Amino acid sequence: MEQDTRTLPDESPVGNMNEAFHAPGGNQGEAADYAVEMYGISKSFGTLRALDHVDLTVRKGTIHALLGENGAGKSTLMKILYGLYTKDAGEIRIMGEPCEIKNPKQAIAHGIGMVHQHFMLVENMTIAENIVLGSEPIRSFGRLDREKMNRTIREFGEKYGLEVDPRAVIMDVSVATQQRVEILKALYRGADILILDEPTAVLTPQEIDNLIVTMHRLVEVGKTVIIITHKLKEIIASSEYCTIIRRGKVVDTVRVEDVTEKDLASMMVGREVMLTTEKDPAAPGEVIMEINDLTVKDNRGIEKVKDLSLYVRRGEILAIAGVDGNGQTELIEAITGLRKSEKGEIIVNGQHIENGLPVDTHRSGIRTIHEDRHKRGLVLDFQVGENLILESYKQKRFQGRNCLLSWKKINDYANRQIDKFDIRPAGCALQRAKELSGGNQQKVIVARTVEQEPDLLLACQPTRGLDVGAIEYVRNALVEQRDQGRAVLLISYELDEVFDIADRINVIYNGQIVADLDPEKTDEQAVGLLMAGGSQ
Amino acid sequence: MRKFVIQALKRPFTAVFCAILVGLLVGAVTLLLGGFDPGRGYSLLITGITSSTRRMAQVLVNAVPIVMTGLAVSFAVRTGMFNIGADGQFIMGQITGAILGYYVPMPAIIHPIFIMLCAFVIGGLYAGFAAYLKNRFGIHEVISSIMLNWIAYYFMNFIVNMKSVKVPGTQHSPEIFDTAKITFFSREFRTTAEGEALIAKHPWMESLVRTDAGYAILVMIAVTLLLWIILKYTRLGFELRAVGYNYYAAEFAAMPVKRNALLSMFISGGTAALGGAMLVMSTSYFITMLGATEGYGWDGISVALIAGNHPIGCIFAALLYSALKLGGTEIQSRLGAPTEIINIMIGALVLSIAFAPALPRLAERLERKE
């Protein structure tokens, strides 16, 4: 099995990279050094070739990153290793032993553990119960030996530097702790090789640092860690090796200390990308939206937004930074007319819109890029053209002389938009929105939103789940809106994004704005601390 | 050849065609198991439909009510509401037709128009009530409209059973006035010398004179086109389809989703009720005490399914449906096989329609192998 996939494609700007990167090469003679060897793995879903002869070798006792855009195939590859998918072709060796892994049970038996992006924990059971689930310590008559269980779990956690309170109930603990529980669960089942699927997506900066410390600790005690991610910073901070996958093929495997973030990004996307958005200083104008003492309850009746006040001006991007679940969702729903508020006011262009309907929000001049583009942003079964007029279908320009919709005019308009916003595939006006990739779907939403020339653009996690290229595109679009004198309110859980484009940062914690900061005069650490409830 | 097959598999019509074949095949097997000759059965079925223009006209006449309920179901489904209550709305239309046709004397021409408008409104409100319950209390329209079906059914029996309504010595309401009837020719005309003469002169006229063919057919075609235009070419239709595919996105795009749910059910229910009223005005002329509903609304669900919820498709689906039913009576009378065989056949056909989404996938598979 020759490792021909190692050669870099011509268009790669890092094509002249040193051969020395290829450290964990496919030399099968030293098999004993590798925890995981996967050769020639292929997998198709329908007509889609998800993996095409992928080779991956992971050295024992290292942290190995798998980098790739969404849909590049990195998760698929790991799901094959964990037995969730069956491969169409290829060979797997674990600790040098060839093996067939048909289901997760066999994977666990081979010492492989996986922590999924979405945790699989029983919410109303304790941490210890969750960890031992399936192999509980039993006293006579099948009674659960709680004493022993809690003691074992406490000691077990300490051994790996993953201290947890075994008695705490899952739904009461933070997301970061839940992740620790997932890691412990895998270790408890005897995992020597730990796969982490996008583990940092749900964490604050401090928690990410802690996770990286934990990963190093695991490696010290002899474990092997594979981390799936598309965040470059974390790879640089944590991993020893990195395998880059693009469109189902391995681009390269590199030693991380030999490359820069930019190199990794270019290899991942296949062209040179700007990791930071270029923009001029903001020139803020009058206040467009003002929120005063707003209080909003969630479905369970808990106050998620408490006496929150903020304002957004023309020509600036205000970013609300915060950890998921601190009231952002309820705040957005209150502004967009999906949720009633308890008290307070939302004034846009002089109109009160609190406790209104979505149509009131629209009339006041707000348009929203919703965080959930499949649920709220698009009608997936509608054609792209129909989605492009989803909010402007009432306009005269889409009607014929008989006041009926003119599909010719609509499709002409759609094709112009598709060209202008570079939505791919070109000329996709008649294709259903669900046939587009995530990035292009988001472009449809951006195109639609921007075309309506809103006074205030509310962008909620506009780049979530997008790859570097699409992120670059969306962020530039937001800055362009700002430059045209519109107000932009960005709600993001990612500090990188906040610092990249914000002109002003409001930190939200526990339903309140706890700080109003100038990004030039603060840093990620300070904001991260505020997001976690610390003081300035 | 292979390319042709792949392209064909991708077309929705192929699925319907295959389903019809499966239905016929199942029917053949059933006939065989029952000890009948399937070949003879099917030739009887076909001659039963095509032997005379009168019979073909009858297929069309019988199709009208189920086109209407089929339209009602498809329109609602396209807009995200599963109107399983078309049967109840149809019955409300029948009641309206029978009552207004007898108790509210009016001049000809105006009388049927008045009845049709009233039936549409009453059926619309009846279905709209289910939508109101959904908007206001979150009660699913399937549950409420099933219950409304029963209410309509017993309400009809109640009305017919009232002393002031029931014709003594019968189980039905009084016959509606001639002014309310909408057939092209009256039933009496069939046996008059004048009628005989007309048929003798133009044999094809038999299909109009000797059946209940009437203006209902024209109304049906008009309603079909109207619903199709609403869905495809109006802003309301755009909203309704958006809600149908994704309620949340439509709501977020500031569309009036609750008003639209109401409107969609109103139009759907009105269409079904219009079908009921037209049945009374062109065929039954009164309403009868029934031991079970006639099931026009349920047939409408099958029709909508075969039609892929396309308004114009409903006409063809209903024609197929009523042709099989009419041909089935021929199998019964001439071959002695029970009409249930036809019902099994239709059941198999509708069931195979459910497999329609598998065909494009099969096409993809073949493509990949290439």
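Throughout this description, residue numbers start from 1 for each chain and increase along the sequence as written. Chain letters start at A and ligand numbers start at 1, both assigned in the order the entries are written. Whole-chain, interface and lining totals are the exception, using all residues; otherwise, since this is a predicted model, local features are given only for residues with pLDDT of at least 70 and side-chain atom pairs are given and counted only at 80 or more.

### Looking at the overall build of chain B
Then, number 1: In terms of helices and strands, chain B carries 18 helices and zero strands.
Then, number 2: With C-alpha atoms as the basis for the radius of gyration, the globule rule is written as 2.2 Å multiplied by the number of residues raised to the power 0.38. For 370 residues, the compact-globule estimate of 2.2 N^0.38 gives 21 Å, and the C-alpha radius of gyration of chain B, at 22 Å, lies within 12% of that figure.
Then, number 3: When the backbone C-alpha atoms are referred to their principal axes, chain B occupies close to 70 × 55 × 35 Å.
Then, number 4: Whether a residue is buried, exposed or partly exposed follows from its count of other C-beta atoms within 10 Å of its own C-beta, namely 20 or more, 12 or fewer, or something in between, respectively; the C-beta atoms are built from the backbone. Within chain B, the proportion of its 370 residues that are buried is 47%. Strands are runs of DSSP state E lasting at least two residues, helices are runs of H or I lasting at least four, and both sets are numbered from the N terminus onward.

### Re the overall build of chain A
Then, number 1: Helix and strand content of chain A: 17 helices and 20 strands.
Then, number 2: For chain A, the C-alpha radius of gyration of 25 Å lies close to 24 Å, the compact-globule estimate for 536 residues.
Then, number 3: On the principal axes, the C-alpha backbone points of chain A span a range of 75 × 55 × 45 Å.
Then, number 4: Within chain A, the proportion of its 536 residues that are buried is 46%.
Then, number 5: Residues are treated as contacting if the C-beta atoms built from their backbones sit within 7 Å of each other. The contacts of chain A with a sequence gap of at least 6 include a subset with a gap of at least 24, amounting to 68%.

### Focus: the packing of helix 15 (residues 296-306) of chain B against helix 17 (residues 340-353) of chain B
All names here are of chain B.
Then, number 1: Here, axes are lines fitted to C-alpha atoms. For helices the fit covers the stretch in contact, and angles between N-to-C directions go from 0 to 180 degrees. Two elements in contact, helix 15 and helix 17, have axes separated by 9 Å at closest approach and are oriented at 45°. Here helix 15 is positioned oblique relative to helix 17, judged by the angle of their axes. Pair helix 15 / helix 17 crosses with left-handed handedness. Along the contact surface, helix 15 presents Ser302, Leu305 and Ile306, while helix 17 presents Ile346, Val350 and Ile353.
Then, number 2: Tallied by class, residues from the contact of helix 15 with helix 17 come to five nonpolar, one polar and no charged. Angles are sorted into four bins: roughly parallel if under 35 degrees, roughly antiparallel if over 145, roughly perpendicular if 65 to 115, and oblique for all others. Helix crossings fall into two classes, left-handed where the near helix is turned counterclockwise from the far one by less than a right angle and right-handed where it is turned clockwise. Residue polarity is assigned by list, with Asp, Glu, Lys and Arg as charged and Ala, Val, Leu, Ile, Met, Phe, Trp, Tyr, Cys and Pro as nonpolar; anything else, Gly included, falls into the polar class.

### Points about the interface of chain B and chain A
Then, number 1: In this assembly, 16 residues from chain B lie in contact with 21 residues from chain A.
Then, number 2: Breaking the side of chain B that touches chain A down by element, the ones donating at least two residues are helix 12 (235-245), helix 13 (247-252) and helix 18 (358-369) of chain B.
Then, number 3: Among the residues making up the side of chain B that touches chain A, the classes are represented as nine nonpolar, two polar and five charged.

### A closer look at helix 9 (residues 328-335) of chain A
Then, number 1: Where burial is concerned, most of helix 9 of chain A is hidden: seven out of the eight residues are buried.
Then, number 2: In the segment just after helix 9 of chain A, glycine 337 of chain A is the residue with positive phi, at about 85°.

### Notes on the sheet that holds strand 5 (residues 97-98) of chain A
Residue and element names in this part refer to chain A.
Then, number 1: Only strands joined by at least two bridges in the DSSP assignment are considered to pair. The strand order across the open sheet built from four strands is 2-1-4-5, with neighbouring strands paired in antiparallel fashion. With partners counted over all chains shown, the strands left at the sheet margins are strand 2 (48-59) and strand 5, one partner each.
Then, number 2: In this sheet, strand 2 lies alongside strand 1 (residues 34-45) in antiparallel orientation, the contact comprising eight bridges. Paired with methionine 38 across the strands is leucine 56, a residue of strand 2.
Then, number 3: Its contacts with the sheet put helix 1 (residues 74-81) on strand 1, strand 2 and strand 4 (89-94), and the angle it makes with strand 1 is roughly 115°.

### Some words on the sheet that holds strand 12 (residues 303-313) of chain A
Residues and elements named next belong to chain A.
Then, number 1: The strand order 12-11-14-15 describes an open sheet built from four strands, whose pairing is antiparallel. The open sheet has two edge strands, strand 12 and strand 15 (351-352), and neither has a second partner.
Then, number 2: In the sheet, strand 11 (residues 287-297) pairs with strand 12 via seven bridges, with the strands oriented antiparallel. Of the residues in strand 12, the one forming a bridge with isoleucine 291 is leucine 310.
Then, number 3: With respect to the sheet, helix 9 is in contact with strand 11, strand 12 and strand 14 (343-348), its orientation differing from that of strand 12 by roughly 60°.

### Some words on the environment of valine 173 of chain A
Residue and element names in this part refer to chain A.
Then, number 1: Residue placement: valine 173 occurs in the loop between helix 4 (146-159) and helix 5 (175-188).
Then, number 2: Note: C-alpha distance between valine 173 and isoleucine 505 (332 residues apart in sequence) is 28 Å.
Then, number 3: Those residues in contact with valine 173, other than ones at most four positions away along the chain, are Ala168 and Gln178.

### A closer look at the confidence of the model for chain B
All names here are of chain B.
Then, number 1: Each residue carries a pLDDT value, the predictor's own confidence for that position, ranging from 0 to 100. For chain B, the mean per-residue pLDDT works out to 90, and 99% of the residues sit at or above 70.
Then, number 2: Mean pLDDT across the elements of chain B bottoms out in helix 18 (71) and peaks in helix 5 (residues 86-103) (96).
Then, number 3: The complex prediction reports pTM at 0.76, with the ipTM value standing at 0.82.

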